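# Architecture at a glance
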Amino acid sequence: MNLFRSEEHIRRWALFDPASEEGIISLSDALVLYSTESRRHMLDGDYLSRWGARRWPERREALARIGKAVPYWLPVK
């Protein structure tokens, strides 16, 4: 993961690949994506049995809310 001050800095980076455009995410959007209920329980001893099945539906919903429900962010089927 590379962290930049802004999207403009990303696009000016010498190694920027325009094909990675849909992978750019703002900090506020990252907070939405990584603040789902199941993420708060990742260190629980029963995480896989209790939260595993809920993780992807929550993630898909969060991605839709931030406008990132695109192949880059979704699991490969």
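Residues numbered from 1 in each chain as written. Predicted model: local features only at pLDDT ≥ 70, side-chain atom pairs only at ≥ 80, totals over all residues. Heavy atoms only, no water.

### Some details on the nonpolar core
The tendency in soluble globular proteins is for nonpolar side chains to be buried as a group. Condition: Residue types Ala, Val, Leu, Ile, Met, Phe, Trp, Tyr and Cys, when buried and joined through side-chain atoms within 4.5 Å, form a set referred to as a nonpolar core. Type-normalised accessible area, obtained with a 1.4 Å probe on protein chains alone, sets the label of each residue: buried when under 20%, exposed when over 50%, and partly exposed for intermediate values. Two residues form a contact once any of their heavy atoms are found within 4.5 Å.
Formed by Leu33, Ala62, Leu63, Ile66 and Trp73, the largest nonpolar core amounts to five residues. Tryptophan 73 has contacts with Glu22, Gly23, Ile25, Leu33, Tyr34, Trp56, Arg59, Leu63 and Lys68, leaving out every residue within four places of it along the chain.

### Quick word on the environment of aspartate 46
Put simply, the rule reads: We count a stretch as a helix when DSSP gives it H or I for four or more residues in a row; a strand needs E for two or more, and each element gets its number in order from the N terminus.
Structurally, aspartate 46 can be placed in the loop between helix H2 (27-33) and helix H3 (47-65). On the basis of relative accessible area, aspartate 46 is assigned to the partly exposed category, the value being 34%.

### Structural notes on the side chain of serine 38
Put simply, the rule is: What qualifies as a polar contact is a pair of N or O atoms within 3.5 Å, subject to a donor-acceptor requirement within protein and to the restriction that residues adjacent in sequence count only when both atoms come from side chains.
Its place among the elements puts serine 38 in the loop between H2 and H3. Take serine 38: its relative accessible area is 0%, and that puts it in the buried class. A polar contact of 2.5 Å, which involves the side chain of serine 38, links it to the side chain of glutamate 58. Among residues more than four places away in sequence, those in contact with serine 38 are Tyr47, Trp51, Arg55 and Glu58.

### Concerning the packing of aromatic side chains
The criterion, for reference: Stacked, edge-to-face and tilted are the three classes for Phe, Tyr and Trp ring pairs, Trp counted by its six-membered ring, which pair at centre distances within 6.5 Å; planes under 30 degrees apart are stacked, over 60 edge-to-face, the rest tilted. Either the NZ atom of lysine or the CZ atom of arginine qualifies as a charge over a ring when it sits within 6 Å of the ring centre and within 35 degrees of the ring normal.
Per the counting criterion, the structure on display carries one aromatic pair. Between arginine 54 and the ring centre of tryptophan 51, over which it is positioned, the NZ or CZ distance is 4.4 Å. Sitting above the plane of the tryptophan 56 ring, arginine 55 keeps its charged end 5.6 Å from the centroid.

### Points about the side chain of arginine 59
Selection rule: In this charge count, Lys and Arg are treated as positive and Asp and Glu as negative; neither His nor the chain ends contribute. Salt bridge, as applied in this entry: a Lys or Arg side-chain nitrogen positioned within 4 Å of an Asp or Glu carboxyl oxygen.
On the secondary structure map, arginine 59 appears in helix H3. The side chain of arginine 59 sits in the buried core without any salt bridge; glutamate 58 is the nearest counter-charge, 9.6 Å away. Among all residues touching arginine 59, those that are not within four sequence positions of it are Leu33, Tyr34 and Trp73.

### Some words on the environment of isoleucine 24
Within the element layout of this structure, isoleucine 24 appears in the loop between helix H1 (7-12) and H2. A relative accessible area of 9% means that isoleucine 24 is categorised as buried. In contact with isoleucine 24, not counting residues within four places along its chain, are Glu7, Ile10, Arg11, Phe16 and Lys68.

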